[in-house]
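Examination of the molecular architecture
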Amino acid sequence: MPVHAGLHLALPPEFTIDQTMVSFRAPPPTVGDPRVMQKQTPIRPSLIVHRRDVGDVALEILAGEITAELVQSVGGLSGLTTEAFSYDDGDLGIIISFDFAVPEVMTARQYHVVRKDGPILTTLTLTVDKLTLTDTAKTRWLAFFAAVARDGTGALA
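A short tour of the structure in this document, coming up. (Residues numbered from 1 in each chain as written. Predicted model: local features only at pLDDT ≥ 70, side-chain atom pairs only at ≥ 80, totals over all residues. Heavy atoms only, no water.)

1. Structural notes on the overall build of the protein chain
Keep this limit in mind: Numbering of helices and strands starts at the N terminus; helices are DSSP runs of H or I of at least 4 residues and strands are runs of E of at least 2. Relative accessible area decides the class of each residue, using a 1.4 Å probe on protein chains only: under 20% of the type maximum gives buried, over 50% gives exposed, and in between gives partly exposed. Two residues qualify as a contact provided that any one of their heavy atoms is within 4.5 Å of a heavy atom in the partner residue. Per-residue and other accessible areas were derived by the Shrake-Rupley procedure at a 1.4 Å probe size, with only the shown protein chains allowed to occlude residues.
Across its full length, the protein chain carries three helices and eight strands. In the protein chain, which comprises 157 residues, the share counted as buried stands at 34%. Sequence separation of at least 24 residues holds for 54% of the intrachain contacts in the protein chain that already meet a minimum separation of 6. For the protein chain, the accessible surface area stands at approximately 9900 Å², while carbon and sulfur atoms represent 59% of it.

Here it is, written out as structure tokens:
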């Protein structure tokens, strides 16, 4: 029985993976963090990687659909930007970024970085505390995104 994401799955043999998603989160702040002392709930940086088969749809159309969905679903969205993004491997992508209010916390910044390798669309979604997003931190995150590259064929399985 194959193992996927820590689960034993007895899938029918004709099933194939059509999308994958994994989420990462930074550890909570230490007690020395002034936000903990003020009883605020800090925004812990998080990263979601979502890969799915989208066929022959152009990246620009997919980015437009993602942007439209974000505008409709994220309350208090502001500062929306969409721009071309270059990966270290020479591929081109698109980065969508915006700010949004988080109750009792302040403002978060979210980046949606998309790339398309053949029929596979990869979306990297990073959420960070805008208050702590310095130019140095932003440069570090953009370098992280730029270094993302497909492994082998880029297939989901």
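2. Regarding the packing of aromatic side chains
In plain terms, the rule: Paired rings are identified among Phe, Tyr and Trp, the last through its six-membered ring, by centres lying within 6.5 Å, and are further divided according to the angle between planes into stacked (under 30 degrees), edge-to-face (over 60) and tilted (the rest). Two thresholds decide whether a charge sits over a ring: the Lys NZ or Arg CZ must be within 6 Å of the ring centre and within 35 degrees of the ring normal.
Scanning the model with the defined rule gives five aromatic pairs in all. Members of the aromatic cluster, each reached through a chain of ring pairs, are Y111, W141, F144 and F145. Above the face of the Y87 ring, R115 is positioned so that its terminal group lies 4.5 Å from the ring centre. Cation over ring: R140 sits above W141, and NZ or CZ is 4.9 Å from the ring centre.

3. A few points about helix α3 (residues 135-146)
Operational definition: To estimate how far a helix should extend, the number of its residues minus one is multiplied by 1.5 Å.
The first and last C-alpha atoms of α3 sit 16 Å apart over twelve residues, in line with the 16 Å expected at 1.5 Å per residue. Residues of α3 that are buried sit in contact with β4 (46-53), β5 (78-86), β7 (106-117) and β8 (120-129).

4. Topic: the sheet that holds β7
Just so we agree on the cut-off: Strand pairing is defined by DSSP finding a minimum of two bridges between the two strands. Orientation is described by axes fitted as lines to C-alpha atoms, over the contacting stretch for helices, and by angles from 0 to 180 degrees between their N-to-C directions.
Spatially, the six strands line up as an open sheet ordered β3-β4-β8-β7-β6-β5, and their pairing is antiparallel. Each end of this open sheet is capped by a strand with a single partner; those strands are β3 (19-25) and β5. Along the sheet, successive strands turn relative to each other by an average axial angle of 15°, direction set aside. Both β7 and β8 contribute to a ladder of ten bridges, which runs antiparallel. Of the residues in β8, the one forming a bridge with H112 is T125. The strands touched by helix α2 (residues 59-73) within the sheet are β5, β6 (92-102), β7 and β8, with β6 carrying the most contacts at an inclination of about 5°.

5. A few points about the pattern of salt bridges
Here is the rule: Note on definitions: salt bridges are taken to be side-chain nitrogens of Lys or Arg within 4 Å of carboxyl oxygens of Asp or Glu.
If you walk through the whole model with that rule in mind, you get five salt bridges. Residue R115 is joined to D89 by a salt bridge in which the shortest nitrogen-to-oxygen separation is 3.0 Å. Residue R115 is found in strand β7, and its partner D89 is found in the loop between β5 and β6; the two are separated by 26 residues along the sequence. R115 gets classed as buried once you look at its relative accessible area, which sits at 2%. Since its relative accessible area comes to 38%, D89 is described here as partly exposed.

6. Quick look at α2
Residues lying three or four places apart along an α-helix face the same way, a consequence of the helix completing one turn every 3.6 residues. Basically, it comes down to this: Working definition: the arc comes from the directions between the helix axis and the C-beta atoms, pointing outward to the latter.
When the terminal C-alpha atoms of α2 are compared, their 21 Å separation across 15 residues agrees well with the 21 Å that a helix rising 1.5 Å per residue should span. For α2, the full list of buried residues reads L59, L62, A63, I66, T67 and L70. Along α2, the residues classed as buried sweep out an arc of 135° about the axis, all on the same side. The exposed set on the far side of α2, more than 90 degrees from its buried face, consists of E60, E69 and Q72. As for α2, its buried residues are in contact with β5, β6, β7 and β8.

7. Structural notes on the pairing of β7
Counting buried residues along β7, nine of its twelve residues qualify, which places the element largely inside the surrounding structure. Note that β6 and β7 share nine bridges and pair antiparallel. Of the residues in β7, the one forming a bridge with F100 is A108. Counted along the chain from β7 to the antiparallel partner β8, the turn is two residues long, and its residue G118 has a positive phi close to 60°.

None of the figures reported here should be taken as evidence of function without further support.
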